[in-house]
Amino acid sequence: MPHCAERALPPHEDWMILHDLEPWHFAIAGAGIALITLTLQAVGNRALGVSTGLEEFCSLVSKAPYFGRAELRSHWRLVMFAGLICGGLLSSVTSGAWSLSWNAGMLDTRLHLDHGSKIAWFFVGGLLTGVGTRMAGGCTSGHGIYGMARFQPGSFASVLAFMASGILTANLLWRVIAP
Amino acid sequence: MALVFVLSVAFGFLLSRSGAADFDVIQQMFLFESPHMYGLLAVGVGLTAPGLWLLGRYGRTLTGQPIQLSAKPLHGGSLPGGLLFGVGWAMTGMCPGPILVTLGEGKAFALAALAGAIAGTWLFGANYVRIQRVLKLPNLTTGTGAG
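Parameters at a glance
Residues numbered from 1 in each chain as written. Chains lettered and ligands numbered in written order. Predicted model: local features only at pLDDT ≥ 70, side-chain atom pairs only at ≥ 80, totals over all residues. Heavy atoms only, no water. Helix = DSSP H or I, 4+ residues; strand = E, 2+ residues; numbered from the N terminus. Contact = heavy atoms within 4.5 Å. Buried < 20%, exposed > 50% of the residue type's maximum accessible area, 1.4 Å probe, protein only. Salt bridge = Lys/Arg side-chain N within 4 Å of Asp/Glu carboxyl O. Polar contact = N/O pair within 3.5 Å; in protein donor to acceptor, adjacent residues only side chain to side chain. Nonpolar A, V, L, I, M, F, W, Y, C, P; charged D, E, K, R; others polar.

> Hey, could you go over the overall build of chain A for me, with residue numbers and the actual values?
A count of helical and extended segments in chain A gives seven helices and zero strands. Tracing chain A from N to C terminus, the helices and strands come up as α-α-α-α-α-α-α. Over its C-alpha atoms, taken along the principal directions, chain A stretches across nearly 50 × 35 × 35 Å. Long-range contacts, defined as pairs at least 24 residues apart, comprise 41% of the intrachain contacts of chain A with a sequence gap of at least 6.

Following this line, the structure appears as structure tokens:
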């Protein structure tokens, strides 16, 4: 990585981000996220937030009263889901070639999980993400970006909680269990 | 809806290229091995904050409607939900947006995370009334909040 010294990221033995592509500078990426959030609010009059889209998805198949809420009726977040998938696809295609991959970086080099265990690992992590983000009423986008930018108490509490448990989990995983 | 789609493609592209959808970058954030993600969040929040304030104060949409800003009040689910999500984020290296972005990039394990996230959301929603009593969540028609 020739330019890593100038960036905030230390050199890394194995960038898996799209064929060893170096990440954008954090200030450019942060400004881009702000621009997208503000445009969505100014033109679309919608508040950025991804995890409620999971409820919109559930509202398509579940009759549970919780998924019948008015908030979920327009399904605009499912359009966002499609856009996010396309954005990842576009990034991958324009970085070289899109290819199906099982490479999960550090998880592979440190934990050596077989295919079945890896699927279970990601499913359980996803399960906690689903329950947790919906219980907290938001994720990194809705609380981390939008809610914190509006100084919302629920967002500060959630961000504090998920950063603390994430830091604890990662330290336990990579410094105690699989150093 | 076209606007939502175009902005989301840009958002997905940005999450992919900024490293926010990369397993190792997320672990480096949680391990304090790199300030990259903290810088990204700080710049993102720092620029969004005055922008949203100005929009709320003076802004109108193209059709002249007042801008509707979303509120995130504190409730019984804010802390326990955040704690559960943090474990999930560290395990998968993906928060909800990046699960979809990573899927688009062709990393097949994201499909397992997406299935888990949908299952978790269903589990939460289907048992809302029971969980609501224990955690003192907002009433069912309000929900825990959009985000």
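Additional details are given in the paragraphs that follow.
> Please give an account of the environment of A:Gly132 that cites residues and values.
When you line up the elements, A:Gly132 lands in helix 5 (residues 115-136). Under the relative-accessibility criterion, A:Gly132 is labelled buried at 0%. Note: C-alpha distance between A:Gly132 and A:Tyr66 (66 residues apart in sequence) is 16 Å. Each residue touching A:Gly132, except ones within four places of it in the same chain, is listed here: B:Gly81, B:Gly82, B:Leu84 and B:Phe85.

> Lay out the interface of chain A and chain B in plain terms, naming residues and giving numbers.
Each side of the interface is counted separately: chain A has 128 residues, and chain B has 112 residues. Linking chain A to chain B there are one salt bridge. Taking the shortest distance from any N to any O, the salt bridge between A:Arg175 and B:Glu33 comes out at 3.6 Å. Inspection of the region where chain A meets chain B yields 30 residue pairs in polar contact (both at pLDDT 80 or more). If you list the elements that add at least two residues to the side of chain A that touches chain B, you get helix 1 (26-42), helix 2 (52-61), helix 3 (76-94), helix 4 (106-111), helix 5, helix 6 (140-149) and helix 7 (153-177) of chain A. Its residues placed into classes, the side of chain A that touches chain B shows 70 nonpolar, 47 polar and 11 charged.

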